[in-house]
Number of protein chains: 6
Amino acid sequence: MIYSIFTSGGTMIELTRRASFSAAHYYWVEAWTEEQNRRVFGQCANRNGHGHNYTLEVTVAGEPDPVTGFVVDLKWLKTVLEERVLEAWDHRHLNLETEEFARAVPTTENIAIAAWRRLEPALAAAKVALRKVRIWETPEIFAEYRGQP
Amino acid sequence: MIYSIFTSGGTMIELTRRASFSAAHYYWVEAWTEEQNRRVFGQCANRNGHGHNYTLEVTVAGEPDPVTGFVVDLKWLKTVLEERVLEAWDHRHLNLETEEFARAVPTTENIAIAAWRRLEPALAAAKVALRKVRIWETPEIFAEYRGQP
Amino acid sequence: MIYSIFTSGGTMIELTRRASFSAAHYYWVEAWTEEQNRRVFGQCANRNGHGHNYTLEVTVAGEPDPVTGFVVDLKWLKTVLEERVLEAWDHRHLNLETEEFARAVPTTENIAIAAWRRLEPALAAAKVALRKVRIWETPEIFAEYRGQP
Amino acid sequence: MIYSIFTSGGTMIELTRRASFSAAHYYWVEAWTEEQNRRVFGQCANRNGHGHNYTLEVTVAGEPDPVTGFVVDLKWLKTVLEERVLEAWDHRHLNLETEEFARAVPTTENIAIAAWRRLEPALAAAKVALRKVRIWETPEIFAEYRGQP
Amino acid sequence: MIYSIFTSGGTMIELTRRASFSAAHYYWVEAWTEEQNRRVFGQCANRNGHGHNYTLEVTVAGEPDPVTGFVVDLKWLKTVLEERVLEAWDHRHLNLETEEFARAVPTTENIAIAAWRRLEPALAAAKVALRKVRIWETPEIFAEYRGQP
Amino acid sequence: MIYSIFTSGGTMIELTRRASFSAAHYYWVEAWTEEQNRRVFGQCANRNGHGHNYTLEVTVAGEPDPVTGFVVDLKWLKTVLEERVLEAWDHRHLNLETEEFARAVPTTENIAIAAWRRLEPALAAAKVALRKVRIWETPEIFAEYRGQP
């Protein structure tokens, strides 16, 4: 018995879920002088930190299950986002409290890569294909990462 | 006389139009027990139904006409969306009142595929290339379908 | 010891928190014929139901506490919204599954009043002044209720 | 010669302008133990700080000038917001770098009051009536202050 | 037979509906020199015109009808907005094609007053109380008018 | 010394920045009669012009710099958008005041192509790869251009 008339092979769907987190950060390169940091990073070089309401968008891909119509259970995906990303980053100072940004600068670009690295193993273990991670730093700026080619 | 300085071959543009509809649905697999349905679908298995303000985003592709600058007449595209999708789905219960979801589960994934199937023939008849259908179920969740490869 | 330089009497603040829920509903007056219902309510009279992503905005008022700077603990307020409104209405059919709308029509106006009646006793018990309830049915339509004068 | 047909006395208009700033903060009461701070403020008590994209909405009121149709010159109002609020708060850590929050907790409520106190003298000097300040901490939470009664 | 449990006198609700229109305008005072116009109005004094996607928000107030639960029929209100405002202003140049702005400057403030004057008679004729008109010129700027006191 | 743990070759990121401008335009083909223009372009053929708040989204691609974590300096990118696009188009009438649309119709499609042509040389000169330009005419309509293949 086939419940879905929709999936007869090759019916690839991308499914995206958003989550938000609030974090502090600053931009600073240890090997540079204060003057160099200020010149390149401007206001972002303020080492007291400032912060953002970040939005994380995670896109997975697959064929919908012929019975459930699910590419992935969105409740499970929400839990993965919370356990892998939000618990580590929400209400945190990215430079001071995360391994990834102990040395690397927490730019939107690098945050997108780091989110991918946090999520991809958990999704792969469940045989879910991660397709894209998008991070919005403000409503005017976002970065996207699709993994290594 | 050439009006557009822009189109000299290979100038592919993607043009997207949004429309919204409000519908009820529930998730339920007939072959399963109530307990199975509840376990997999959670709150969505409530057979009284719940609902959403869905947003449909349709993307077509082509070269802008050298005279009008149109890939497609957006007024015509709006009419197609209304006649093919909104008349069937807006202010409807998807499980109880649509052919597609009489047996298949109306997940966001399946709704995206079904919208494609409703729109593609009308666009193909007008020689308009459908590129992508995106369905937002909430501002946090959307599915995209690009047709069979 | 005074921590807040801000509150020296009469410093009234309004604090608003949003929450969302997805529900089905229809508009129907039992005493009317189908024809009357269709004429007045149009598509909304479809008794299979349709649905919306509703947004609830709750506004409370008070002076910020001189130590904490809180009018109210927003974590507590979130719990109140969830326990009093979302547990009853989220992923529900308003006409079929709620006491308020067993007989009354679940218009946006009436939903705003019903949300007030659900929230006000819990807030009053905690000595928090409810000032306003706003319900968005779609991004184009909302109703506000401020209680009996 | 009368240019405006609109203003013949008593034509009160409220005019609102938005501006955004990104800042870090934490919630902490010095007189409390760490345990008390954690219990009341939860994740917000993390003294490394976290942050937000705040949105400031400033509402002024008056009769439109019969010649210009302006309640206030919005370019000037933008400059006031930038000079009085954004220069002090944007890309700053509110607890560590602002006078207002050296001791007071930078809750949304207190930030609204502090923004009013920064803006009101500049507007009053220009005979512009400040009516309301709204601060959004996230898209789900905002506080409003209308001054002392 | 009482259908609504909600309305037992004094249950005032405010109901708001949005509509959008796209129009061109410029700011110019005939009695002034070009230099004066440029100094006061800046870029807006460009007499070729520029334009906006305006959003009109209309708020009416009343007690919900005890049978229908309506303060007003929102389909009827939509028609009023279209006939009274959008037909006159949508896809128009406000300075060149509307009576109101033949001489008065089409600032957001004046547009709010003019929208009120267009809508109020139609609503009053239907015994609907107009409470507020809000005009958004951009997502950063809006004006509100509540009628003469 | 390696600051970024993230970039070890092939780590392609897409970075997007938004900017807004307000412009007037109309749709008109000189070689056509008024009747033809009205039939094809409808309200948009009104030669007094109407207008929009356009949003420009520019996407660049590259590997984050191993030291700064930047694909591109977003402050510099903002300046490029302002100098190349906003100075020419913001608060302008596209048909009457821009070279591109002196003869070509300023459809959303053509505006996307024209924005690409304005931006691409400045980005190429800085060895920044332009990947995509998106133009929103309204919140319901947008066009994307990715350059000649």
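Here the structure is shown first, and the text comes after it.
Cut-offs applied
- Residues numbered from 1 in each chain as written.
- Chains lettered and ligands numbered in written order.
- Predicted model: local features only at pLDDT ≥ 70, side-chain atom pairs only at ≥ 80, totals over all residues.
- Heavy atoms only, no water.
- Contact = heavy atoms within 4.5 Å.
- Salt bridge = Lys/Arg side-chain N within 4 Å of Asp/Glu carboxyl O.
- Polar contact = N/O pair within 3.5 Å; in protein donor to acceptor, adjacent residues only side chain to side chain.
- Helix = DSSP H or I, 4+ residues; strand = E, 2+ residues; numbered from the N terminus.
- Pairing = 2+ DSSP bridges.
- Least-squares fit on C-alpha atoms with pLDDT ≥ 70 in both.
- Axes fitted to C-alpha atoms, helices over the stretch in contact; angles between N-to-C directions.
- Parallel < 35°, antiparallel > 145°, perpendicular 65-115°, else oblique.
- Left-handed = near helix turned anticlockwise from the far one by under 90°.
- Nonpolar A, V, L, I, M, F, W, Y, C, P; charged D, E, K, R; others polar.
- Buried < 20%, exposed > 50% of the residue type's maximum accessible area, 1.4 Å probe, protein only.
- Expected span 1.5 Å × (residues − 1).
- Bend = angle between axes of the 7 residues up to and from the residue.
- Phe/Tyr/Trp six-rings, centres within 6.5 Å; stacked < 30°, edge-to-face > 60°.

A short note on the arrangement of the chains
Here is step 1: Regarding chain A and chain C, the two do not touch, and the least distance separating their C-alpha atoms is 14 Å.
Here is step 2: Separated without contact, chain B and chain D have their nearest C-alpha atoms at a distance of 12 Å.

A closer look at the interface of chain E and chain C
Here is step 1: Counting residues at the interface gives 27 residues for chain E, matched by 30 residues for chain C.
Here is step 2: Applying the counting rule to chain E against chain C returns zero salt bridges.
Here is step 3: At the boundary of chain E with chain C, the tally comes to seven residue pairs in polar contact (both at pLDDT 80 or more).
Here is step 4: When contributions to the side of chain E that touches chain C are tallied by element, the ones reaching two or more residues are β1 (13-25) and α2 (74-89) of chain E.
Here is step 5: Sheet topology places strand β5 (residues 141-145) of chain C next to β1(E); five bridges connect them, and they run antiparallel. If you follow Glu144(C) over to β1(E), its bridge partner there is Glu14(E).

Looking at the relation of the copies chain A and chain B
Here is step 1: Superposing chain A onto chain B takes a rotation of 120 degrees combined with a translation of 0.0 Å along the rotation axis, leaving an RMSD of 0.0 Å. Put plainly, the chains are arranged around a three-fold axis. Among all residues of chain A, the one whose C-alpha sits closest to the rotation axis is Pro139(A), at a distance of 8.2 Å.

Side note on the packing of helix α2 (residues 74-89) of chain A against helix α4 (residues 108-125) of chain A
Residue and element names in this part refer to chain A.
Here is step 1: Viewed as axis vectors pointing N to C, α2 and α4 meet at an angle of 135 degrees, and their least axial separation amounts to 10 Å. Accordingly, the angle class assigned to the pair α2 and α4 is oblique. The interaxial crossing formed by α2 with α4 has right-handed handedness. Between α2 and α4, the residues in contact are Trp76, Leu77, Val80, Leu81, Arg84, Val85, Ala88 and Trp89 and Ile111, Ala114, Ala115, Arg118, Leu119, Ala122 and Leu123, respectively.
Here is step 2: Grouping the constituent residues of the contact of α2 with α4 by class yields 13 nonpolar, no polar and two charged.

Structural notes on the pattern of salt bridges
Here is step 1: Tallied over the full model, the rule gives 66 salt bridges over all chains.
Here is step 2: Note that Arg38(D) and Glu34(D) form a salt bridge whose closest N and O atoms lie 3.8 Å from each other. Of this pair, Arg38(D) and Glu34(D) both sit in helix α1 (residues 34-41), four residues apart, which is roughly one turn of the helix.
Here is step 3: Its relative accessible area of 37% is what places Arg38(D) among the partly exposed residues.
Here is step 4: Where Glu100(D) meets Arg118(D), a salt bridge forms, and the shortest distance between an N and an O atom there is 2.5 Å. Residue Glu100(D) is found in the loop between α3 (94-97) and α4 (108-125), and its partner Arg118(D) is found in helix α4; the two are separated by 18 residues along the sequence.
Here is step 5: Through salt bridges with shared partners, a single ionic network connects Lys132(A), Arg134(A), Glu144(A) and Arg146(A).

Side note on the environment of Ile13(F)
Here is step 1: Topologically, Ile13(F) is positioned in strand β1 (residues 13-25).
Here is step 2: For the pair Ile13(F) and Glu120(F), spaced 107 residues apart in the sequence, the C-alpha separation amounts to 18 Å.

Overview of the pairing of β1(F)
Residue and element names in this part refer to chain F.
Here is step 1: Counting buried positions along β1 yields 11 of 13 residues, so the element is predominantly enclosed.
Here is step 2: As paired strands, β1 and strand β2 (residues 50-62) are joined by 13 bridges and run antiparallel to one another. Counted as the bridge partner of serine 20 is threonine 55 from β2.
Here is step 3: The pairing of β1 with strand β3 (residues 92-93) spans two bridges and is classified as parallel. Across the sheet, the residue bridging to alanine 24 is histidine 93, located in β3.

Describing α4(A)
Here is step 1: With 18 residues, α4(A) should reach 26 Å at 1.5 Å per residue; the first-to-last C-alpha distance of 26 Å fits that figure.
Here is step 2: Of all the bends found along α4(A), the most pronounced is centred on Leu119(A) and spans about 30 degrees, while Pro121(A), a proline, follows it within four residues.
Here is step 3: Considered for burial, the residues of α4(A) that qualify are Thr108(A), Glu109(A), Asn110(A), Ile111(A), Ala112(A), Ile113(A), Ala114(A), Ala115(A), Trp116(A), Leu119(A), Ala122(A) and Leu123(A).
Here is step 4: The secondary structure elements touched by the buried residues of α4(A) are β2 (50-62), α2, α3 (94-97), β4 (129-138) and β5 (141-145) of chain A together with β1 of chain F.
Here is step 5: Downstream of α4(A) by a residue or two, Lys127(A) has a phi angle that is positive, lying close to 60 degrees.

Description of the packing of aromatic side chains
Any aromatic ring pair is given by two values, namely how distant the centres are and how the planes are angled relative to each other.
Here is step 1: If you walk through the whole model with that rule in mind, you get 54 aromatic pairs over all chains.
Here is step 2: Ring centres of Trp136(B) and Phe142(B) lie 4.4 Å apart, and the angle between their planes is 50 degrees; on these two criteria the pair is classed as tilted.
Here is step 3: For Trp136(B), a relative accessible area of 11% corresponds to the buried category.
Here is step 4: The class for Phe142(B) is buried, based on a relative accessible area of 4%.
Here is step 5: With 5.4 Å between their ring centres and 75 degrees between their planes, Trp116(C) and Tyr145(C) make a pair best called edge-to-face. On the criterion of sequence distance, the pair formed by Trp116(C) in helix α4 (residues 108-125) and Tyr145(C) in strand β5 is long-range, its members being 29 residues apart. Per residue, the accessibility class of Trp116(C) equals that of Tyr145(C), and both read buried.
Here is step 6: Taken together through their ring pairs, the aromatic side chains of Phe21(A), Tyr54(A), Trp89(A) and Phe101(A) make up a single cluster.

Interpretation in functional terms is not warranted from these geometric data alone.
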